[in-house]
Amino acid sequence: MSHFKNLSDGALSAPRLRCGHTLWNLIGLPFNGDVEWTIEEKIANVKNAGFEHMECWIGDDDHGKKVREEMQKHGLHLALGHRPCRVEDTLQRVEDAKNWGAQWVLCQPASAYHSLEEVVAIVRAGAKAADEAGIRYFVETHRNNFTETIRQTLELIEAVPEIKITADFSHFAVVGEFYGWSGEGAIERMRPIIEKVAHVHGRISNGEQVQVDVGDGSDQSEGSPAGFFKQIWVECFKAWRKTAQNGDILPFSSELGPPRYAIVDTKGKEISDRWEQSLVMRKLALQAWEESA
């Protein structure tokens, strides 16, 4: 029996997309403001905007406790991220998730210089412990992790064919220098990974910068960043729908990083409003979901 499973609420309702946000996305907001939103304001804004969950990289310190308290007050579901380099690291994060009521654990596995055997041991142990705790466990595609390239990610899938993937394909776009042109064959190269996706991160790359502003997302012509990534998300959603059961949930999380992810001007000021762009990410995801049906 596989320890990797879709997120599910156990209901009889049709499989659905659920949009959420990341705590990291909120660092330094509002856009070029003089005073950063408080934790209370950040989480209230996420809730009021209609997002249903938040992904957090937090500990058991005062900050982490405050985040969890505010999320619970606003009825937001919790997910935890981590970057384990040892089996012990991932087992501890699963224990945190169990203690704090998180719905899933997001794993950025080790580094590109760890062996396949080490990474397989980490993700298998983490998924087994999570499954026993009733928690989902997803493995993210990400630079400076074992999954930073398509080829290494395919090696991991071959070793752990039941794996469930968190798709942050902005990293593949940069590493592979994909511009979204049809002749590149990017989606077909990623197809075996797309077929394992159970969670998607909403960030868009232009093939050179990992995170770019796409305006209102309306330019979806061939080679446009918004059009390319919406097409990728459509393919992810189609693949997920094929095996999804009633009650299954596909979480989509707007995840736009502060500087150095965010582009800044010569004075260090961001040139893009990450809060507004996170709403555009959600809009594009909802469009992709409709087109995937």
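This section reports on the structure supplied with the text. Note that the structure is predicted; figures quoted are calculated from it, not measured.

What counts as what
- Residues numbered from 1 in each chain as written.
- Predicted model: local features only at pLDDT ≥ 70, side-chain atom pairs only at ≥ 80, totals over all residues.
- Heavy atoms only, no water.
- Helix = DSSP H or I, 4+ residues; strand = E, 2+ residues; numbered from the N terminus.
- Rg over C-alpha atoms; globule rule 2.2 N^0.38 Å.
- Buried < 20%, exposed > 50% of the residue type's maximum accessible area, 1.4 Å probe, protein only.
- Contact = heavy atoms within 4.5 Å.
- Areas by Shrake-Rupley, 256 points an atom, 1.4 Å probe, with all protein chains shown as cover.
- Pairing = 2+ DSSP bridges.
- Right-handed = clockwise from strand over helix to strand, strands pointing away.
- Axes fitted to C-alpha atoms, helices over the stretch in contact; angles between N-to-C directions.
- Parallel < 35°, antiparallel > 145°, perpendicular 65-115°, else oblique.
- Left-handed = near helix turned anticlockwise from the far one by under 90°.
- Nonpolar A, V, L, I, M, F, W, Y, C, P; charged D, E, K, R; others polar.
- Polar contact = N/O pair within 3.5 Å; in protein donor to acceptor, adjacent residues only side chain to side chain.
- Phe/Tyr/Trp six-rings, centres within 6.5 Å; stacked < 30°, edge-to-face > 60°.
- Lys NZ or Arg CZ within 6 Å of the ring centre and 35° of its normal.
- Salt bridge = Lys/Arg side-chain N within 4 Å of Asp/Glu carboxyl O.

Bringing the overall build of the protein into the picture now. Broken down by element type, the protein carries nine helices and nine strands. Compactness check: the protein gives a C-alpha radius of gyration of 18 Å against a globular reference of 19 Å for 293 residues, within 12% of the reference. The proportion of buried residues among the 293 residues of the protein is 54%. For the protein, the proportion of contacts with a sequence separation of at least 24, taken over those separated by at least 6, is 79%. When the accessible surface of the protein is totalled, it reaches about 12800 Å², and 48% of it is carbon and sulfur.

Checked against the element boundaries, H21 lands in strand β2 (residues 16-22). Residue H21 is classed as buried on the basis of its relative accessible area, which comes to 0%. Here H21 is in contact with L26, V46, F51, H53, M54, E55, S254, W275 and S278, once residues within four sequence places are set aside.

This part covers the pairing of β2. The buried count for β2 comes to six of seven residues, which makes it a mostly enclosed element. As paired strands, β2 and strand β9 (residues 248-254) are joined by six bridges and run parallel to one another. Its bridge partner lying in β9, G20 is registered against S253. With two bridges connecting them, β2 and strand β3 (residues 53-56) associate as parallel partners. Along β3, the bridge assignment pairs H21 with M54. At this point the chain moves from β2, through helix α1 (residues 39-48), to the parallel β3, and the crossover so formed is right-handed.

At a closest axis distance of 10 Å, the pairing of helix α4 (residues 116-132) and helix α5 (residues 150-159) adopts a crossing angle of 60°. For the element pair α4 / α5, the angle class is oblique. The two elements α4 and α5 meet at a crossing, and its hand is right-handed. Each of L116, V119, V120, V123 and R124 in α4 lies in contact with α5, whose residues at this interface are E155, L156 and A159. Partitioning the contact of α4 with α5 into residue classes produces six nonpolar, no polar and two charged.

A separate point is the environment of V120. Within the secondary structure, V120 sits in helix α4. You can call V120 buried: its relative accessible area is 15%. Among all residues touching V120, those that are not within four sequence positions of it are L156, A159 and V160.

A word on the side chain of H199. You can see H199 is positioned in strand β8 (residues 197-202). For H199, the side chain forms a polar contact with the side chain of S253, separated by 3.3 Å. Those residues in contact with H199 that lie beyond four places of it in its chain are E55, W104, L106, F138, I165, T166, A167, L250, P251 and S253.

Here the focus is the packing of aromatic side chains. Overall, the coordinates contain 12 aromatic pairs when judged by the stated rule. Ring geometry for W37 against W275: centres 5.8 Å apart, planes inclined by 90°, an arrangement best described as edge-to-face. Linking W37 in the loop between β2 and α1 with W275 in helix α9 (residues 274-292), this pair joins segments that are 238 residues apart in sequence. This pair shows no difference in class: W37 is buried, exactly as W275 is. An angle of 70° between the planes, with centres 6.3 Å apart, marks the rings of F229 and W233 as edge-to-face. Pair noted here: F229 and W233 are both in helix α8 (residues 225-243), with a separation of four residues, about one helical turn. As far as burial versus exposure is concerned, F229 and W233 are alike and both buried. Above the plane of the ring of W100 lies R68, whose end atom (NZ or CZ) is 3.9 Å from the centre. Here the basic side chain of R282 rests over the ring of F51, its NZ or CZ set 4.3 Å away from the ring centre.

Moving on: the packing of helix α7 (residues 186-194) against α8. Between α7 and α8, the shortest axis-to-axis distance is 11 Å and the interhelical angle comes to 35°. Crossing of α7 over α8 shows right-handed handedness. Contacts from A186, I187, M190, R191 and I194 of α7 reach α8 at F228, Q231, I232, E235, C236 and A239.

Okay, the pattern of salt bridges next. Throughout the structure, instances matching the rule amount to 18 salt bridges. One salt bridge in this structure joins K128 and E132, with 2.6 Å as the shortest N-O distance. Taken together, the residues K128 and E132, both in helix α4 and four residues apart, mark about one turn of the helix. Taking relative accessible area as the criterion, K128 reaches 38% and is therefore assigned partly exposed. Residue classification places E132 among the exposed positions, given a relative accessible area of 58%. Measuring nitrogen to oxygen at the nearest pair gives 2.8 Å for the salt bridge that ties E270 to R274. Put simply, E40, K66, E70 and K73 are held in one network by salt bridges that share partners.

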